[in-house]
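What follows is each chain in one-letter form.
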Amino acid sequence: FTLLGHLVSRAATGTPAHRIILFTALCGSLAVLNTFLVGFLWTGRKRIAVLSALTLAFSYHFWLYSLIPEVAALSAFFVSLLFLLVLTQRLRMLAFVLGLAVSHQYSILLCVPALAWFVYLTRRGRAWRISAREGLWMAAAFLLGLTPFLYLPIRAPQMPFMNAGLVNSLDRFIAHITRRSYGT
């Protein structure tokens with residue numbers, strides 16, 4: 001969120017705070033759009049898809065966190081995009097986006113069992129097993145999605161104003177990734 005927020009604050013017009021709020025609202029809007037697409041692709045019924053998208057859009061906490069600069073709207077976008085990618089059978093892209101989502105917020109990992117079950121349900125009629133070659137491509141895509149973590153040790157030696165635990169050694173990098181200092 002911080003990296004994307006920095007890019008958005010430099011790219012658009014208006015004050016930086018206004019730009020980041022617009023970015024958060026955009027993430028929330030895209031999550032609603034993805035929810036509509038998931039509902040439509042899964043059921044084939046436009047009314048159910050609209051109802052599911054509107055239910056998300058007007059739920060209190062989703063609305064609240066789509067209007068303030070917070071990580072929740074981007075997380076909702078990632079979760080909705082992951083389920084959309086399962087339905088469209090884009091498994092390599094799914095692995096890449098999962099890596100990006102995990103580098104954004106670790107709690108996305110809690111969606112992995114549901115995603116795996118969703119993959120099983122959507123591929124049930126066909127051979128649902130993934131070949132070793134496809135598994136390697138998916139693992140590479142997932143690792144590529146984790147590349148935002150590489151920014152930490154690159155930027156930390158420059159001593160930025162906000163420094164996430166001074167990630168200037170391998171031990172501190174691993175501590176940051178495993179959240180050792182947070183106790184989780």
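Going by the structure above, here's the rest.
Conventions and cut-offs
- Residues numbered from 1 in each chain as written.
- Predicted model: local features only at pLDDT ≥ 70, side-chain atom pairs only at ≥ 80, totals over all residues.
- Heavy atoms only, no water.
- Axes fitted to C-alpha atoms, helices over the stretch in contact; angles between N-to-C directions.
- Helix = DSSP H or I, 4+ residues; strand = E, 2+ residues; numbered from the N terminus.
- Parallel < 35°, antiparallel > 145°, perpendicular 65-115°, else oblique.
- Left-handed = near helix turned anticlockwise from the far one by under 90°.
- Contact = heavy atoms within 4.5 Å.
- Nonpolar A, V, L, I, M, F, W, Y, C, P; charged D, E, K, R; others polar.
- Core = buried A, V, L, I, M, F, W, Y, C linked by side-chain atoms within 4.5 Å.
- Buried < 20%, exposed > 50% of the residue type's maximum accessible area, 1.4 Å probe, protein only.
- Phe/Tyr/Trp six-rings, centres within 6.5 Å; stacked < 30°, edge-to-face > 60°.
- 1 Å grid on protein atoms, 1.4 Å probe; cavity = no way out; pocket = protein on both sides within 12 Å on 5 of 7 lines; lining within 4 Å.
- Points joined across faces, edges and corners; volume = space filled by probe spheres on them.

A. Molecular detail of the packing of helix α6 (residues 91–104) against helix α8 (residues 132–145). Close contact between α6 and α8 brings their axes to 7 Å; oriented N to C, the two are set at 30°. As the angle between them shows, α6 and α8 are arranged roughly parallel. The way α6 lies across α8 gives a crossing that is right-handed. Along the contact surface, α6 presents Leu91, Arg92, Ala95, Phe96, Leu98, Gly99, Leu100, Val102 and Ser103, while α8 presents Glu134, Trp137, Met138, Ala141, Phe142, Leu144 and Gly145. By residue class, the composition of the contact of α6 with α8 is 11 nonpolar, three polar and two charged.

B. Molecular detail of the environment of alanine 57. Take alanine 57: it is sitting in helix α3 (residues 46–57). Sequence separation between alanine 57 and valine 32 is 25 residues, and the spatial gap between their C-alpha atoms is 6.0 Å. In this view, alanine 57 contacts Val32, Phe62 and Trp63; residues no more than four positions away in its chain are not counted.

C. Spatial organisation of the nonpolar core. By size, the foremost hydrophobic cluster in this structure holds 38 residues, and its most contacted members are Phe77, Phe78, Leu82, Leu94 and Leu115. Residue contributions to this core peak at 11 residues, all from helix α5 (residues 72–87). Beyond its immediate chain neighbours, meaning those up to four positions away, phenylalanine 78 contacts Val97, Leu100, Ala101, His104 and Ile108.

D. Representation of the packing of aromatic side chains. For the coordinates displayed, the defined rule picks out four aromatic pairs. Measuring from centroid to centroid gives 6.3 Å for phenylalanine 36 and phenylalanine 40, while their planes differ by 10°, and the two rings are stacked. Taken together, the residues span about one helical turn, with phenylalanine 36 and phenylalanine 40 both in helix α2 (residues 16–43) at a distance of four residues. Judged by relative accessible area, phenylalanine 40 falls into the partly exposed class, the value being 33%. Note on phenylalanine 58 and tryptophan 63: the rings are 5.7 Å apart at their centroids and 20° apart in plane angle, and the pair reads as stacked.

E. Structural detail: the layout of surface pockets. Taken as a whole, the second largest pocket encloses approximately 320 Å³ of empty space. As for the second largest pocket, its lining consists of 19 residues, of which Thr35, Leu56, Ala76, Val79 and Ser80 are closest to the centre. Sorting the residues of the lining of the second largest pocket by element identifies α2, α3, α4 (60–66) and α5 as the ones contributing at least two each. Among the elements that take part in the lining of the second largest pocket, α5 stands out by supplying seven residues, more than any other. The residue inventory of the lining of the second largest pocket, partitioned by class, reads 12 nonpolar, seven polar and no charged.

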